[in-house]
Amino acid sequence: MTDLTHLTIAEASKKLTAKEFTALELTDAYLSAIDAANGTLNAYTTVTPDLARAQASASDQRIASGSAGVLEGIPLGIKDLFATQDVHTQAASHILDGFKPKYESTVTQNLWDAGAVMLGKLNMDEFAMGSSNESSYYGPVINPWRADGSTENRVPGGSSGGSAAAVAAFLCAGATATDTGGSIRQPAAFTGTVGIKPTYGRCSRWGIAAYASSLDQAGPIARDVRDAAILLKAMASVDPKDTTSVDLPVPDYEAAIGKSLSGMKIGIPREYRVEGMPEEIEQLWQQGIAWLREAGAEIVDISLPHTKYALPAYYIVAPAEASSNLARYDGVRYGLRVDGKDIADMYEKTRAAGFGDEVKRRIMIGTYVLSAGYYDAYYLRAQKVRTLIKQDFETVFHAGVDAILTPATPSSAFAIGDKELAADPVKMYLNDVFTITVNMAGLPGLSVPAGLDAHGLPLGLQLIGKPFEEETLFQVASVIEKAAGTFTPKKWW
Amino acid sequence: MSVDLATVKRVARLARIAVSDDEAARMESELNGILGFVEQLSEVNVDGVEPMTSVTPMLMKKRVDAVTDGNKADDIVANAPNSDRNFFLVPKVVE
Amino acid sequence: MTLVDVRISEPKRYIPGATGDWEVIIGMEVHAQVTSQSKLFSGSSTVFGNAPNSNVSLVDAAMPGMLPVINEECVRQAVRTGLGLKAQINNRSIFDRKNYFYPDLPQGYQISQFKDPIVGEGKIVISVGPDRQGQFEDVEIGIERLHLEQDAGKSMHDQHPSMSYVDLNRSGVALMEIVSKPDLRSSDEAKAYLTKLRTILRYLGTCDGNMDEGSMRADVNVSVRRPGEDFGTRCEIKNVNSIRFVGQAIEYEARRQIGILEDGGTIDQETRLFDPGKGETRSMRSKEDAHDYRYFPDPDLLPLEFDQAFVDALKADLPELPDDKKERFVAELGLSVYDASVLVSEKAIADYFEAVAAGRDGKIAANWVINDLLGALNKAGKAFEETPVSPAQLGGIIDLIKDGTISGKIAKDLFEIIWNDGGNPAELVETRGLKQVTDTGAIEKAVDDIIAANPDQVAKVQAKPSLAGWFVGQVMKSTGGKANPQAVQALVKVKLGLED
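Criteria and cut-off values
Residues numbered from 1 in each chain as written. Chains lettered and ligands numbered in written order. Predicted model: local features only at pLDDT ≥ 70, side-chain atom pairs only at ≥ 80, totals over all residues. Heavy atoms only, no water. Buried < 20%, exposed > 50% of the residue type's maximum accessible area, 1.4 Å probe, protein only. Helix = DSSP H or I, 4+ residues; strand = E, 2+ residues; numbered from the N terminus. Pairing = 2+ DSSP bridges. Contact = heavy atoms within 4.5 Å. Salt bridge = Lys/Arg side-chain N within 4 Å of Asp/Glu carboxyl O. Polar contact = N/O pair within 3.5 Å; in protein donor to acceptor, adjacent residues only side chain to side chain. Nonpolar A, V, L, I, M, F, W, Y, C, P; charged D, E, K, R; others polar. Phe/Tyr/Trp six-rings, centres within 6.5 Å; stacked < 30°, edge-to-face > 60°. Lys NZ or Arg CZ within 6 Å of the ring centre and 35° of its normal. Axes fitted to C-alpha atoms, helices over the stretch in contact; angles between N-to-C directions.

J.: Can you tell me about the pairing of strand β10 (residues 163-167) of chain C, naming the residues and giving the values?
T.: Among the five residues of β10 of chain C, five are classified as buried, and the element is accordingly described as predominantly covered. Residues of β10 of chain C alternate between two faces, with M163, Y165 and D167 of chain C on one and S164 and V166 of chain C on the opposite face, all of them buried. Bridge count between strand β3 (residues 87-91) of chain B and β10 of chain C: four bridges; the pairing is antiparallel. Its bridge partner being in β10 of chain C, F88 of chain B is matched across the sheet by V166 of chain C. Taken together, the three bridges between strand β9 (residues 154-156) of chain C and β10 of chain C define a ladder with antiparallel strand orientation. Note on β10 of chain C: the bridge partner recorded for K154 of chain C is D167 of chain C. Count of turn residues in the β9 of chain C/β10 of chain C antiparallel hairpin: six residues.

Structural data, given as structure tokens:
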């Protein structure tokens, strides 16, 4: 039965409808796979077999009665950042110890309404802060990909490392993820999966623990472009509970797949050729350019002059918002409490014990840059730089560019416990150098696998689109996917 | 701009995170590393640039004034570390 | 903000100290709960006094991933209030987060407005007095700004020896913080300001002004200085919850500061609490940490924007405000400024008066409302809302005087009957036989009887015509007060031959 887990969502849906197997059988196949693998890969923080089977049985009834939803019976993994009613929701943090919300996030509710099945909650960097999934309270996630001939464990990227690893290792058919600076696209690139961060405002943020409110967006990680399109359509909605949710109908993304690129203009930004970038990343990029040109797209060189300032601006804006967003974790209403001699002592001990090092670091930076006398120099300036970054993109889109092609990451997956990266937080932050501009400008960005590096590790290309034109990204990504093929890790776990 | 140990401790206090002297010393160097990195923003000319507010120009959505929520005190305190008769309990606050 | 002194120092307001005169400078920050069904950013109820945490949504309890959505009525109420304060309305304002930790502040920040409030500068005219000569002084007090913000929850410290109990029912209720300029110069002015502000809010229906339930609270900034000098260091007295306490707190605080300065000390800028039991202010122990609120625009909310048409529509719908009403009462109904002031001091009184005065003589209606109704209420210790006499009943009494059915004196009796037992004035006059006797024959007989019975008095009245009043009195007495006094007077004069 294990091969059921190798079906894409599109394939599984067809076969479920054709009654080749039941939703319960499909769910059980995934539950077995998780059972066998999770001890090694650590992709799930919690598995919910009873709930999954109950949902799958309900799906089977709906399939039988002809009232199946678009994701009927499809088993998914949910990033631990999404509130799921009465189910473990801890943002992979100790501070939310034992928290089981009495509510369901809008995005996950949309998925259940479409008939999907929840297998469990996926590991992640604590509060989505990280690029390696090593900051989780539940320990690091192991990338199912290893270098050729090596037994060294690699990171799956972060912060949605559990989502990416679970999708790549066939431990779920697809997964929800979130992206604040690259947390969908970088792990997708590190695991040979497809991830899309939609335009800010496309998916509701209601019920997703906030990291940096002006940057956070939910999106899917999937095995291929079509599955990503199917999942995004189900996740996205206009939500009156989220003031920043945008009032635009959700299009049929799947319909864009396979459309011709003829007449389309793809921009290649010169500022993305960063110093020290490996030659093979440059080669991958050139390959991508060649594929798109062959498919009929016009390739144009563009300039996004403020690119280099996106990362430093991000490391002011995101920690500042985080320092405020994470103030609610105070040991009063939910989660961890460490008793103290008075209220202030209780706060300080609880937060010291509940947050990990990376979260503390960002809260500290954020608190500092907002403190009296520094607001204008840091936060206000960074928000102005964001405007300039957004204007850079507007200028090239105005000049007729339909989408932008860049590498997704400056390297392939690195080793777990990399000492150089652990010693210097800024080095780790540089992992997001290609993805972060997209969040700063609120644009949609998609990472699609495009090849393997010299060690046999996956590499991705990133496509950046105009606001709310995710369809273009699926259209272009499907061309790259067709040319590059899909990539699966050799099973060693 | 850079921070000294006293500033690190003051910021930790503002953020309500207890830090030992060793932690504070480590944070001092890490924070200075990050602050040094973000320093490059000072070379950007932002004169007359509006700070970013929204990706898409739109009016803020508003709610109609109606009571549509509440009456679920049990749910509200369900995850509380300490509660009594639907109150949250905290170490005594002195005013 | 730059503080500008717009007032002229006047000796009548000086406070004498041991070493010379002092002047007190007062500014007020009033937190007024917006009248609305639901909270500023959530759909839970604003009703006061419900079971703990029952008026609480997931948003109010700051559960992970919860987001604020603004209540449009609260925006309208803030704009209405701004218009009522003749203030600048800002068509674009920003919600900021004010960050600090406190157990009744679930988010760890209060959503407020810092740099760009919804309402800018405005003004309130207060009337202070009367002074020894019975004169009132009108003083214009500047409004610095009005902004919208969330209320906090409530901590109770008396339920347990070592724990505080937290109830979030108030958490997220909309408040308007109305900040005055430092234009107030005495506790009387401060009290008049609060009273007037409350009156305006009640006229507008934007806040019920109920200080007992905490729907209006005042933070009072007090400093003292030698007359004509620069502003001194101020102390902020938090959460004073009655107008009387505001007066007491200012008196105490000004004395305290004068005492320190006269002893050669300096004032520490600090937050203090007023203890109504002792009538004193004391330093707040819990505020030992220097505050650094780290304000920044709330990224969950877009700027609050509306067009001029939105403001204009609210303006067109605004009720008549007390100052305008007062002017109209004086100009159109011929009331004295004093009477008009009394009548507009509360919207309920003004509404009552207008119902009585409709189609009747304004001055007479005013006299009845002020002297008889307010007098009786005051004597009975009743609030205006508890009046047992309706405007229709009082109007009926006035009508009966006007058409000559009853005398003014009987009218007072009738008012008392209605006050105690209720009833329709015209019917009561019939059933209780209160009708004025206008039949000349009956009056003539009564006059004749009195003259016949009092020959001594008849003799005296010829020498001293002013004694005619005695006969009138006797006749009124014998008719039970129902005889028409004018008719009696005329007949007495004729019968006694006093006609000239």
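J.: Can you lay out the interface of chain A and chain C for me, pointing to particular residues and giving the numbers?
T.: In this complex, chain A contributes 39 residues to the contact, which on the side of chain C involves 31 residues. Summed over the shared surface of chain A and chain C, the number is one salt bridge. Across the salt bridge formed by D300 of chain C and R205 of chain A, the nearest N and O atoms sit 3.1 Å from each other. Along the contact surface separating chain A from chain C lie 16 residue pairs in polar contact (both at pLDDT 80 or more). For the side of chain A that touches chain C, the secondary-structure elements that each account for two or more residues are α9 (310-325), α10 (343-354), α11 (357-370) and α12 (376-398) of chain A. Looking at the side of chain A that touches chain C, the element that brings in the most residues is α9 of chain A, giving four residues. Classifying every residue of the side of chain A that touches chain C by side-chain character gives 20 nonpolar, nine polar and ten charged.

J.: Requested: an account of the packing of aromatic side chains, with residues and values cited.
T.: Summed over all chains, the structure comprises 32 aromatic pairs over all chains. The interplanar angle of 70° and the centroid separation of 5.4 Å between the aromatic rings of Y379 of chain A and F296 of chain C together place this pair among those described as edge-to-face. Linking Y379 of chain A in helix α12 with F296 of chain C in strand β16 (residues 296-297), this pair reaches from one chain into another. Of the two residues examined, Y379 of chain A and F296 of chain C, each falls in the buried class. What links up through ring pairs into an aromatic cluster is the set F99, F127, Y329, Y334 and F355 of chain A. One cation-aromatic arrangement involves R226 of chain C over W22 of chain C; the distance from NZ or CZ to the ring centre is 3.9 Å.

J.: Please give an account of the environment of G192 of chain A that cites residues and values.
T.: All names here are of chain A. Residue position: G192 is located in the loop between α6 (185-191) and β5 (194-197). Spatially, the C-alpha atoms of G192 and A310 are 26 Å apart, while their sequence positions differ by 118 residues. G192 has contacts with W145, P449, P458 and F487, leaving out every residue within four places of it along the chain.

J.: Describe in detail the sheet that holds strand β6 (residues 109-112) of chain C, supporting the description with residues and values.
T.: Strand order in the open sheet formed by three strands is β6-β5-β16 (chain C), and the pairing between neighbours is antiparallel. If you trace the sheet from one side to the other, it starts and ends with β6 and β16 of chain C, each paired once. Inspection of the sheet shows strand β5 (residues 96-99) of chain C paired to β6 of chain C by four bridges, in the antiparallel sense. Looking at the pairing, K98 of chain C lines up with Q110 of chain C of β6 of chain C. Its contacts with the sheet place α9 of chain A against β5, β6 and β16 of chain C, and it is angled at close to 60° to β5 of chain C.

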